[in-house]
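The chain contents come next:
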Amino acid sequence: MTTPATSHAAQAAADLVRAEWSRLLASLRSDLGSLELAEDVAQEALEVALARWPEQGVPSSPGAWITTVARRRAIDRLRRDRTQQDKLAMAARLEARAGTAYQPGESLLRDEQLQLIFGCCHPSLSIEAQMALTLRCVAGLSTREIASAFLVSESTMAQRLVRAKKKIETAAIPFRIPPDNELLSRSNVVLNVIYLIFNEGYTSAEGDTLVSFDLCHEAIRLGQLLTELLPEDPEPLGLVALMLLLDARRDARTDLNGDLVLLADQDRSLWNQTSIAEAGRLLDRALRLDRPGAYQLQAAINALHAEAPSIAATDWRQIEHLYGSLYVLQPTPVVALNHGVALAEAEGPQRGLDHLARVAEALDGYQYFHSARADLLRRLERPEDARAAYTRALELTTNEAERRFLTGRLAEL
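All of these numbers come straight from a predicted model, not from anything done at the bench.

## Considering the overall build of the chain
No. 1: The number of helices and strands found in the chain is 19 helices and 0 strands.
No. 2: Here the contacts in the chain between residues at least 6 apart in sequence split such that 64% fall between residues at least 24 apart.
No. 3: Summed over all atoms, the accessible surface of the chain reaches about 19300 Å², with 50% contributed by carbon and sulfur.

This is the structure in structure tokens:
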């Protein structure tokens, strides 16, 4: 039976993963020199916490507790293998560091985190493996959450993660910030991963709540680190501007009951004007560098939303034009979906529905395709077709806030 103490311990562990996992894992990987071992002992320490915290209570510094237990587990593992002197030497070094305190906000850890990200995004790994591994190790997302982001099954994603970690170990891939001549070629994948982390926080794949603020803030923080590392690259500036613009709406995206509120119905007085202003400054800096990119275009789209006093006053024609430019750079089904939604606002729901038909097969397993299509069908007064589309979207969603919204739409029909 689940007790209040068990629930409290589980919530504390979940909060730790969301808020501190990347820092904790980066520190352990730096100690151990092995990503696989670092993740294994961190997971073991988390399991120990779930077993002990309900009885002993949640410690005042959960991250420090997990780090201490993980280091002890690593020492035990290394000492069991006495055939390799280097492992014994590593165990001795870990023992020497056993009393070292773990500080969640320690600024020195930021380099270790960037090293962890760039190690996971090494070019010898496939792009899909790079992104999935970083989401697992840096953001602490579950295999199921990552699979949802990539539109694949959980078992497929689990296999990808195992292969990626094995390749890192066998190929001795270094965890370091690459030299300047490699930075730009690696930074694009890093930017994509950071945005995926933000998206998981912006609309959580699982759970009762729509937004995970810790993940959003972590993604913005990592993006800001990249703007410092690459001050002459406009795309990190565009990405941070984009994330700030989206995050600015967070207080308006749900009502007092935690239920989803669509952009058209949001109280725009709740939007964070400080974040919007900062995003505008970053976007201006990016545009002055005169090298347009996908994140700058997306930031420009969301800046137009931020400037509009209402959904009706939004410059949908300009947004539709920007989505067309974005599709040239990123010809993906999801960009085409967003382009279709903008077309519907600019030229009517039938125009948008016709555009969505082009990506119906590619996005059949994507809940937002079916919810967008359902909304257009509802506006065209085709209730039976809209009901079928909402039902399909409901089948695909794993977030309770979105489930409640879709259920409400079905009830209205």
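Still to come is the rest of the account.
## Thoughts on unusual backbone geometry
No. 1: Phi angles above zero are rare outside glycine, and D290 is one such case at about 60 degrees.
No. 2: Tracing the chain through its elements places D290 in the loop between helix 12 (273–288) and helix 13 (294–307).
No. 3: Take D290: its relative accessible area is 61%, and that puts it in the exposed class.
No. 4: Phi is positive for E381, which is not a glycine, with a value near 60 degrees.
No. 5: Within the element layout of this structure, E381 appears in the loop between helix 17 (367–379) and helix 18 (383–396).

## Quick word on the confidence of the model for the chain
No. 1: Across the chain, the average pLDDT comes to 84, with 89% of residues at or above 70.
No. 2: Contacts for the low-pLDDT stretch residues 101–109, under 50 throughout, to residues beyond four places or in other chains number 12 contacts.

## Brief notes about the packing of aromatic side chains
No. 1: For the structure on display, the rule yields 4 aromatic pairs.
No. 2: With a centroid separation of 6.4 Å and an interplanar angle of 10 degrees, the aromatic rings of Y195 and F198 are classed as stacked. You can see Y195 and its partner F198 sitting in helix 9 (residues 180–202), 3 residues apart, about one turn around the helix.
No. 3: According to the relative accessible area criterion, F198 is buried, its value standing at 0%.
No. 4: With a centroid separation of 5.4 Å and an interplanar angle of 75 degrees, the aromatic rings of Y366 and Y368 are classed as edge-to-face.
No. 5: Residue classification places Y368 among the partly exposed positions, given a relative accessible area of 31%.

## Describing the pattern of salt bridges
No. 1: Counted under the stated rule, the structure contains 18 salt bridges.
No. 2: For R379, the salt bridge is made with E345, and the minimal N-O distance between the two is 3.2 Å. Here E345 lies in helix 15 (residues 333–347) and R379 lies in helix 17, a separation of 34 residues in the sequence.
No. 3: You can call R379 partly exposed: its relative accessible area is 33%.
No. 4: A salt bridge links R351 to E347; the shortest N-O distance between them is 2.8 Å.

## Considering helix 15
No. 1: With 15 residues, helix 15 extends 20 Å between its outermost C-alpha atoms, agreeing within 8% with the 21 Å of an ideal straight helix rising 1.5 Å per residue.
No. 2: Here helix 15 has its buried residues at V335, A336, L337, H339, G340, A342, L343 and A344.
No. 3: The secondary structure elements touched by the buried residues of helix 15 are helix 14 (316–329), helix 16 (349–356) and helix 17.
No. 4: Where helix 15 terminates, the next one or two residues include G348, which has phi positive at roughly 110 degrees.

## So, the nonpolar core
No. 1: By size, the foremost hydrophobic cluster in this structure holds 91 residues, and its most contacted members are L35, I66, L133, F198 and M243.
No. 2: Ignoring sequence-local partners within four residues, the contact set of L35 consists of L25, R29, L116, C120, L133, C137, I168, E169 and F175.
No. 3: Grouped together as the second largest cluster of nonpolar side chains are 19 residues, A336, L363, A372 and A393 included.

## Some details on helix 9
No. 1: With 23 residues, helix 9 extends 32 Å from end C-alpha to end C-alpha; this agrees with the ideal 33 Å at 1.5 Å per step.
No. 2: At R186, helix 9 shows its maximal kink, close to 40 degrees.

## Considering the side chain of Q296
No. 1: Tracing the backbone through its elements, the reader meets Q296 in helix 13.
No. 2: There is a polar contact of 2.8 Å between the side chain of Q296 and the backbone oxygen of R291.
No. 3: Residues within four places of Q296 in sequence aside, it is in contact with P234, E235, G238, L283, A286, L287 and R291.

## A few points about the environment of S148
No. 1: In this fold, S148 is placed in helix 7 (residues 143–150).
No. 2: Note on S148: relative accessible area 37%, which makes it partly exposed.

## Some points on the environment of Q113
No. 1: Tracing the backbone through its elements, the reader meets Q113 in helix 5 (residues 109–120).
No. 2: For the pair Q113 and L222, spaced 109 residues apart in sequence, the C-alpha to C-alpha distance is 8.7 Å.
No. 3: Apart from the residues lying within four places of it in its own chain, the contact partners of Q113 are S22, R23, A26, E218, R221 and L222.

## With respect to the packing of helix 11 (residues 234–247) against helix 13
No. 1: Closest axis-to-axis distance for the helix 11/helix 13 pair is 8 Å, and the angle between their directions is 30 degrees. By the criterion of interaxial angle, the relationship of helix 11 to helix 13 is roughly parallel. Two packed elements cross with a definite hand, and for helix 11 against helix 13 that hand is left-handed. Taking contact as the criterion, the partners of P234, E235, G238, L239, A241, L242, L245 and L246 in helix 11 are, on helix 13, A294, Y295, Q296, Q298, A299, N302, A303 and A306.
No. 2: For the contact of helix 11 with helix 13, the class distribution of residues is 11 nonpolar, 4 polar and 1 charged.

## Here's the deal with the packing of helix 13 against helix 14
No. 1: Close contact between helix 13 and helix 14 brings their axes to 10 Å; oriented N to C, the two are set at 165 degrees. Between helix 13 and helix 14, the angle falls in the class roughly antiparallel. The two elements helix 13 and helix 14 cross, and the hand of that crossing is left-handed. For the pair helix 13 and helix 14, contact is made by A294, L297, Q298, A300, I301, L304 and H305 and by W316, Q318, I319, L322, Y323, S325, L326 and L329, respectively.
No. 2: Classifying every residue of the contact of helix 13 with helix 14 gives 11 nonpolar, 4 polar and no charged.

Quick notes on the rules
- Counting from 1, residues in each chain are numbered in the order their sequence is written.
- Totals for whole chains, interfaces and linings use every residue, but because this is a predicted model, local features are given only for residues with pLDDT of at least 70 and side-chain atom pairs only at 80 or more, for both listing and counting.
- Think of the side-chain values as coming from all heavy atoms in the structure, minus any hydrogens and water.
- We count a stretch as a helix when DSSP gives it H or I for four or more residues in a row; a strand needs E for two or more, and each element gets its number in order from the N terminus.
- Whether two residues are in contact is decided by their heavy atoms, any of which lying within 4.5 Å being enough.
- Each accessible area value is a Shrake-Rupley result obtained with a 1.4 Å probe; residue values ignore everything except the protein chains displayed when judging cover.
- Here's how the labels work: a residue is buried when its accessible area is under 20% of the maximum for its type, exposed when over 50%, partly exposed in between, all with a 1.4 Å probe on protein chains only.
- The predictor attaches a confidence to each residue, and that confidence, scored 0 to 100, is pLDDT.
- Working definition: a ring pair exists when centres of Phe, Tyr or Trp rings (six-membered ring for Trp) sit within 6.5 Å. Plane angles under 30 degrees give stacked, over 60 give edge-to-face, the rest tilted.
- Salt bridge, as used here, is a side-chain nitrogen of Lys or Arg placed within 4 Å of a carboxyl oxygen of Asp or Glu.
- Multiplying 1.5 Å by the residue count of a helix minus one yields the expected span of that helix.
- Buried Ala, Val, Leu, Ile, Met, Phe, Trp, Tyr and Cys residues form a nonpolar core when they are joined through side-chain atoms within 4.5 Å.
- One fitted axis covers the seven residues ending at a residue, a second covers the seven starting there, and the bend at that residue is the angle between these axes.
- Polar contact is defined as a pair of N or O atoms within 3.5 Å, subject to the rule that within protein one atom must be able to donate a hydrogen and the other to accept it, and that residues adjacent in sequence are counted only when both atoms are side-chain atoms.
- Helix axes are fitted to C-alpha atoms over the stretch in contact, other axes to C-alpha atoms as well, and angles between N-to-C directions run from 0 to 180 degrees.
- An angle below 35 degrees is treated as roughly parallel, one above 145 as roughly antiparallel, one from 65 to 115 as roughly perpendicular, and anything else as oblique.
- Note: crossing handedness is left-handed where the near helix turns anticlockwise from the far helix by less than a right angle, and right-handed where it turns clockwise.
- All amino acids are sorted into three groups, where Ala, Val, Leu, Ile, Met, Phe, Trp, Tyr, Cys and Pro are nonpolar, Asp, Glu, Lys and Arg are charged, and the leftover types, Gly among them, are polar.

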